[in-house]
Amino acid sequence: MTRVGILTGVEYDALMLSLKVAICSAVTSLPIAVAVAVVLARHSFPGKSLVDGLVHLPLILPPVVTGYILLLTLGQRGVIGEWLDRVLGIVIAFRWTGAAVASAVMGFPLMVQAIRLSIEGVDRRLEEASSTLGANRAMVFLTVTLPLILPGILAGLILSFARGLGEFGATITFVSNIPGETQTIPLAIYSFTQSPTGDVPALRLTVISVVLSLAALMLSNRLSLVLKRRLQGRTA
Amino acid sequence: MILDVDITCRLGAFTVDAQFTGAGGVTALFGHSGAGKSSLVNMIGGLLRPDRGHITLDGRALFDSKHHIHLPPNRRRISYVFQDARLFPHLSVRNNLLYGRWFTPAGERWAQFAPIVELLGIGDLLQRRPSTLSGGEKQRVAIGRALLASPRLLLMDEPLASLDADRKAEILPYIERLRDELKLPIVYVSHALDEVIRLAGTLVLLESGRVVAAGPVADVMRRLDVRRLTGQDHPRTVIDTRIEDHDTRFGLTRLTFDGGVLQVPYLALPVGTAVRVAIRDRDIGLAVTRPQGVSLINILPGTVVDIADTADESEAHADVLVQIGRWQLVARISRLSAHDLDLAPGKPVFALFKAMALDAESLGRAPGPETMAAL
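Residues numbered from 1 in each chain as written. Chains lettered and ligands numbered in written order. Predicted model: local features only at pLDDT ≥ 70, side-chain atom pairs only at ≥ 80, totals over all residues. Heavy atoms only, no water.

Caption draft 1: Structural view of the overall build of chain A. Along the backbone of chain A there are 11 helices and two strands. Structurally, chain A occupies a C-alpha span of about 65 × 45 × 30 Å along its principal axes. Scored against the burial criterion, the 236 residues of chain A give a buried share of 44%. Restricting the contact set of chain A to residue pairs at least 6 apart, pairs at least 24 apart contribute 68%. By element, 69% of the accessible surface of chain A is carried by carbon and sulfur atoms, the whole surface being about 12,000 Å². With 18 positive and 12 negative side-chain charges, chain A shows a separation of 8 Å between the mean positions of the two kinds. (Helix = DSSP H or I, 4+ residues; strand = E, 2+ residues; numbered from the N terminus. Buried < 20%, exposed > 50% of the residue type's maximum accessible area, 1.4 Å probe, protein only. Contact = heavy atoms within 4.5 Å. Areas by Shrake-Rupley, 256 points an atom, 1.4 Å probe, with all protein chains shown as cover. Lys, Arg positive; Asp, Glu negative; His and termini not counted. Charge placed at Lys NZ, Arg CZ, Asp CG, Glu CD.)

Set out below in structure tokens:
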């Protein structure tokens, strides 16, 4: 069996896949989350509570249900999945990209919530000041709003990343448990626990999970401290 | 610069319905809190959209309900100094100052960085973060930031209201320099009459969302019918004078105006400087013949224009409006004296006031001759 350091090939694959899935899902869902957070924080329109509810649905639904809905819509015979396959030649079901989509959907409400809170905390009078100095709406957002909500964006990224690392139910339902393709750390741990000889590898992956999550959390705290200090005028 | 405002705007149960024209220098919007001053200035700046009417600056429509024009703030070229500085916390002082400059077309940048920084005395603050500045420093940086956007008009919404007396005294001379050295037209919102008298050429009085009086400061200040607004603390009238000479032997300065000569405590300003004198009503006495053997050295002949007798038996005073040259002063005397002297419109009188009553608080540099000429 191939080994990478202390890890077996399967464990190493699971670790790298988990990182890839969690990072890709957090980064690609970020712009959409910012847009949705701006709309929810700043605009009122008919059906807003419905949109708000839909965004938060993955938080309350059993993850298996979310995964099954993804399978129904984005699977190869799903409404959108079929179209993606036929027109664009894109297949995400049973691929690592599907795992990323599942983890993005599961992390989305957390990300939107964190960003929305920071947008609601922005002093709109600063945006008014910016517009009287000649900035149009896009420039106001880029030069004032965005820098001020950076701590919230960071928090959202980390929350979504951590959620992606831990995602299990929606992933296994939507893209199954294929070693090297969709088998992330939680799925690998699950597989090992089903095997009589899996105790040690499961424990190794468990330790890695704990270390990764803790590191992400500490990095996030550190960065947000730096950002807050910069806003308050001290150097970190 | 001609700013023409004629707007109506309903804000809940409150309606702002205002018409006025500002021409160069400082146009002060004065009134009690809740009079609609800030709403009005927000409409000029484009932060609030009126329901009806028009706002034009030098003939260019900023808002016109008939033609569906409502320029967003960023296209008005009007800078705004807010009461609460509103500096960007994520930018250094330097980048705050340069912020508006980025958005100003190169051909329209009249404000240069170095002279403005010099003018406001903020050269030592450039590397600092806004949160480390004192209130007065913040407000000076906010003024610099507004200027460096090279505005056609500067709006100042109670820029001194959140500062203590020392900080106010620190900022006021800088605002005078904008007026006199940069010749920048300013709309200045205030509920402090001292600032208005010191800075403004034109005074617009607001009450409950309506303009109750507008015109040159001296003209509005002498109007007895709006004294309920201009008479706070100690009612006073305003005369613009020029330093004629100094009497070093007795520590006096002689000021001339077209109604005569005023002698006031020594002013450390060069001969020829324009000085605005604000005289409290209660410091003026009246005589029907030229008094002899009194200590009062300011005795100016004039004519009674109007008397506001309260006719309220419990009130002791009567306000008498007296014409002296081109200027009019209000003397607050006892109703008994007004009765005994048989004062009536058209009667010649002498206005008397003590030189020592004209303390530093009532004397300030008047808007420069250019500014006054533009009015």
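Caption draft 2: Geometry of the nonpolar core. In this structure, Leu97, Ile143, Leu154, Ile175, Leu286 and Phe353 of chain B are the most contacted members of the largest nonpolar core, which totals 81 residues. Non-local contacts of Leu97 of chain B, meaning those with residues more than four positions away in its chain, are made with Phe113, Val117, Ile122, Leu126, Val141, Gly144, Arg145 and Leu148 of chain B. Core analysis: the second largest hydrophobic core is formed by 72 residues, Val144, Ile153 and Ile189 of chain A together with Leu3 of chain B among them. (Core = buried A, V, L, I, M, F, W, Y, C linked by side-chain atoms within 4.5 Å.)

Caption draft 3: The environment of Ala149 of chain B, seen in detail. Looking at where Ala149 of chain B falls in the secondary structure, it is placed in the loop between helix H4 (135-147) and strand E8 (153-157). Residue classification places Ala149 of chain B among the buried positions, given a relative accessible area of 6%. It is 9.6 Å that separates the C-alpha atoms of Ala149 of chain B and Pro105 of chain B, two residues lying 44 residues apart in sequence. Every residue in contact with Ala149 of chain B, bar those within four places of it in the chain, is listed here: Leu133 of chain A together with Arg77, Ser79, Gly100, Arg101 and Thr104 of chain B.

Caption draft 4: Focus on the interface of chain B and chain A. Each partner contributes residues to the interface: chain B has 22 residues there, and chain A has 20 residues. Interface area for chain B against chain A, summed over the two sides, is near 1,900 Å², with a carbon-plus-sulfur share of 62%. Viewed at the interface, chain A and chain B are joined by two salt bridges. Take the side of chain B that touches chain A: its biggest share by element is three residues, from strand E7 (residues 78-81) of chain B. The residue makeup of the side of chain B that touches chain A, split by class, is 12 nonpolar, six polar and four charged. (Buried area = accessible area lost by both parts, 1.4 Å probe. Salt bridge = Lys/Arg side-chain N within 4 Å of Asp/Glu carboxyl O. Nonpolar A, V, L, I, M, F, W, Y, C, P; charged D, E, K, R; others polar.)

Caption draft 5: How the structure looks around unusual backbone geometry. Residues and elements named next belong to chain B. Of note, Glu158 is a non-glycine position whose phi angle comes to about 45°, a positive value. Examined against the element boundaries, Glu158 turns out to sit in the loop between E8 and helix H5 (165-180). Phi at Ser208 is positive, roughly 50°, even though this residue is not glycine. Its location among the elements puts Ser208 in the loop between strand E10 (202-207) and strand E11 (210-216).

Caption draft 6: Here's a closer look at the sheet that holds strand E16 (residues 284-287) of chain B. Residue and element names in this part refer to chain B. Taken in spatial order, the five strands line up as E16-E20-E17-E18-E19 in an open sheet, and their pairing is antiparallel. Edge strands, defined here as strands with exactly one partner in the open sheet, are E16 and strand E19 (327-334). Shown here is a sheet whose adjacent strand axes are inclined to one another by a mean of 45°, direction ignored. (Pairing = 2+ DSSP bridges. Axes fitted to C-alpha atoms, helices over the stretch in contact; angles between N-to-C directions.)

Caption draft 7: Fine view of H5 of chain B. Its 16 residues give H5 of chain B an end-to-end C-alpha distance of 23 Å, which sits within 8% of 22 Å, the value for a rise of 1.5 Å per residue. Buried within H5 of chain B we find Ile171, Leu172, Tyr174, Ile175, Glu176, Leu178 and Arg179 of chain B. (Expected span 1.5 Å × (residues − 1).)

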